[in-house]
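Topology and contacts: notes
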Amino acid sequence: MEKIENNERLHALVQGFVQGVGFRFFVYQTGVHLQLHGWVRNRINGNVEILAEGPKKKLDALLKEVRKGPQMAQVAKVDVDWKEHQEDLPPFTILQTK
């Protein structure tokens with residue numbers, strides 16, 4: 001990943017009806033399209049967790065799409081935590097449930 005001064009890290013927990021509706025694949029496609037690094041995975045508690053890194057503008061675009069979700073999803077809440085980028089994430093992927 002290029003070293004760009006405005007790179008940041010986004011950690012988000014998405015609550016609502018977000019499992020079994022293609023939410024992870026939706027986030028994955030969006031992350032790949034935006035050329036972000038990171039991952040998305042289901043949590044055992046029914047939430048979806050996202051860790052993404054890249055330019056702030058692209059992370060904001062990802063967050064905007066996450067808040068809408070795919071057609072069948074119902075996003076109730078998105079908890080967001082911004083961190084300093086670390087450049088240790090793979091190209092955007094889907095991880096196993098944790």
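The sections below set out a description of the structure shown in this document. (Residues numbered from 1 in each chain as written. Predicted model: local features only at pLDDT ≥ 70, side-chain atom pairs only at ≥ 80, totals over all residues. Heavy atoms only, no water.)

This brings us to the overall build of the protein chain. Regarding its fold elements, the protein chain presents two helices and five strands. What you see in the protein chain, going N to C, is helices and strands ordered as β-α-β-β-α-β-β. Its C-alpha atoms give the protein chain a radius of gyration of 12 Å, near enough to 13 Å, the size a compact globule of 98 residues would have. Expressed along its principal axes, the backbone C-alpha trace of the protein chain runs to roughly 35 × 25 × 20 Å. The buried share of the protein chain, reckoned over its 98 residues, is 40%. Taking all contacts inside the protein chain whose residues are at least 6 apart in sequence as the whole, residues at least 24 apart take part in 77%. When the accessible area of the protein chain is evaluated, it comes to approximately 5900 Å², of which 49% is carbon and sulfur surface. (Helix = DSSP H or I, 4+ residues; strand = E, 2+ residues; numbered from the N terminus. Rg over C-alpha atoms; globule rule 2.2 N^0.38 Å. Buried < 20%, exposed > 50% of the residue type's maximum accessible area, 1.4 Å probe, protein only. Contact = heavy atoms within 4.5 Å. Areas by Shrake-Rupley, 256 points an atom, 1.4 Å probe, with all protein chains shown as cover.)

Take Leu63: it is sitting in helix H2 (residues 56-68). A residue is classified by how much of its surface remains accessible, and Leu63, at 6% relative accessible area, is buried. Taking the C-alpha atoms as reference points, Leu63 and Ile50, 13 residues apart in sequence, are found 9.9 Å from one another. Not counting residues within four places of it along the chain, the set of residues in contact with Leu63 comprises Leu10, Val78, Val80 and Trp82.

Before going further, it helps to spend a moment on the environment of Lys77. Following the sequence through the fold, Lys77 ends up in strand S4 (residues 74-84). Each C-alpha atom of the pair Lys77 and Ala52 lies 18 Å from the other, and the pair is 25 residues apart in sequence.

Let us look at the sheet that holds strand S3 (residues 48-55). What the five strands build is an open sheet, ordered S4-S1-S3-S2-S5; its pairing is mixed. Lying at the two open borders of the sheet, with one neighbouring strand each, are S4 and strand S5 (93-94). On the sheet, helix H1 (residues 23-33) packs against strand S1 (7-17), strand S2 (37-42), S3, S4 and S5 and is oriented at approximately 175° with respect to S2. Lying on the sheet, H2 is in contact with S1, S3 and S4; it crosses S4 at an angle near 160°. (Pairing = 2+ DSSP bridges. Axes fitted to C-alpha atoms, helices over the stretch in contact; angles between N-to-C directions.)

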